[in-house]
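A structural walkthrough
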Amino acid sequence: MIEKTERTTPSRYASQRGSHDENVIFPILDEALFCTISYAEGNQPFSIPQSFVRMGNYIYLHGSVGSHFIRTLADGRPVCLSVMLADEIVVAKTAFNHSVNYRSVVIFSTGEVIEDQQLKYDAFKALTEKMVPGSWDYLKPMTEKEMAKTTAIGFPIIEASAKVRQGEPGQVETEMGLPIWTGLIPIKPIRQQPIPDDYGKKLPLPEHLKY
Ligand SMILES: Cc1cc2nc3c(=O)[nH]c(=O)nc-3n(C[C@H](O)[C@H](O)[C@H](O)COP(=O)(O)OP(=O)(O)OC[C@H]3O[C@@H](n4cnc5c(N)ncnc54)[C@H](O)[C@@H]3O)c2cc1C
């Protein structure tokens, strides 16, 4: 259950664009491949882009056991995770009214290092399947050594918000008749035809990579 708190309530367009509903938040998290995780070390803020996967009401990140970032977050300090899907640039008659159609999520949380090996394995699998759908069973199976070289951290999704802007550019009455084009420029990322390396060229493209 996601809580609405003071710090997850936008000051602008809270009722029109804001949401604390997991039915809004989870699909955004599942569509986005990458997040940014922010935390502080003393007075120094850090903001690090990462791949991630959601399973249930947890976000999972993975990293090398030697990574400074992973070791820092393993102590359970407060973090802020953000995810955004930018769908369209909104082109208005004035620069002032230009905007972006987007779906985004902000989560406040603290990390829990995953010691349970089955859960860690499941999180690896979910992340791999998110990045390259249909690939887990095709790949050489993950080894215990590879598992041991990686730390997985789970972040409960308890305090989170979504914000969604969709629609046309804002129009001001007095500008209605001006001969200036208005509309939307789609900027959605799409998976394109995979590019084999020299080894890949010797093999047929597996079914799960045919987009
Ligand atoms: C791709 C993209 C481009 C954007 N471009 C601009 C821009 O150029 N100028 C601009 O003013 N705004 C832009 N925004 C919107 C921006 O993210 C903020 O929502 C906005 O600045 C207003 O914040 P606020 O003062 O209401 O939030 P605050 O009151 O500062 O935030 C309070 C809480 O509201 C929630 N919240 C605020 N914004 C978001 C969000 N986007 N997603 C999820 N939760 C949120 C968080 O929980 C946050 O802790 C953009 C958003 C995206 C995703």
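In case you missed it, the structure is sitting above this.
The structure contained in this document is the topic of the report that follows. (Residues numbered from 1 in each chain as written. Predicted model: local features only at pLDDT ≥ 70, side-chain atom pairs only at ≥ 80, totals over all residues.)

1. As for the environment of Leu33
- Inspection of the secondary structure puts Leu33 in the loop between α2 (22-31) and β2 (34-41).
- In the structure, Leu33 is positioned 52 residues away from Leu85 in sequence and 9.5 Å away in space, judged by C-alpha atoms.
- Ignoring anything within four residues of it in the chain, the contact list for Leu33 reads Ser51, Lys130 and Met131. (Helix = DSSP H or I, 4+ residues; strand = E, 2+ residues; numbered from the N terminus. Contact = placed C-beta atoms within 7 Å.)

2. With respect to the site of the ligand
- As a matter of local geometry, the ligand sits amid 16 residues, with Pro10, Ser11, Arg12, Ser104 and Lys163 nearest to it.
- Of all elements in the fold, only β6 (78-91), β7 (99-110) and β10 (159-165) reach the threshold of two or more residues within the shell around the ligand.
- Looking at the shell around the ligand element by element, the count peaks at 5 residues for β7.
- In terms of residue class, the shell around the ligand is built from 8 nonpolar, 5 polar and 3 charged. (Near = placed C-beta within 6 Å. Nonpolar A, V, L, I, M, F, W, Y, C, P; charged D, E, K, R; others polar.)

3. Some points on the sheet that holds strand β4 (residues 53-55)
- With respect to topology, 4 strands assemble into an open sheet ordered β4-β5-β9-β8, the strand pairing being antiparallel. One side of each edge strand has no neighbouring strand; the edge strands of this open sheet are β4 and β8 (112-113).
- In this structure, strand β5 (residues 58-64) lies alongside strand β9 (residues 150-156), joined through 7 bridges in antiparallel fashion. Note that in β9 the partner of Ile59 across the bridge is Phe155. (Pairing = 2+ DSSP bridges.)

4. Structural notes on α2
- Considered for burial, the residues of α2 that qualify are Ile25, Ile28 and Leu29. The arc that holds every buried residue of α2, seen down its axis, measures 100°, which confines them to one face. Among the exposed residues of α2, those pointing more than 90 degrees away from its buried face are Asn23 and Asp30.
- Residues of α2 that are buried in the fold lie against β4, β5, β6, β7 and β10. (Buried ≥ 20, exposed ≤ 12 C-beta atoms within 10 Å, placed from the backbone. Arc of directions from axis to C-beta.)

5. A few points about the nonpolar core
- Grouped together as the largest cluster of nonpolar side chains are 29 residues, with contacts concentrated most on Ile59, Tyr60, Leu81 and Val105.
- With residues near it in sequence (within four places) discarded, Ile59 still touches Leu29, Phe52, Arg54, Leu81, Ile107, Phe155 and Ile157. (Core = buried A, V, L, I, M, F, W, Y, C linked by C-beta atoms within 7 Å.)

6. As for the environment of Ser99
- In this fold, Ser99 is placed in strand β7.
- Taking the C-alpha atoms as reference, Ser99 lies 6.2 Å from Ile89; in sequence the two are 10 residues apart.

7. Topic: the pairing of β5
- With 3 bridges joining them, β4 and β5 adopt antiparallel strand pairing. Bridge pairing in β5 links Arg54 to Ile59.

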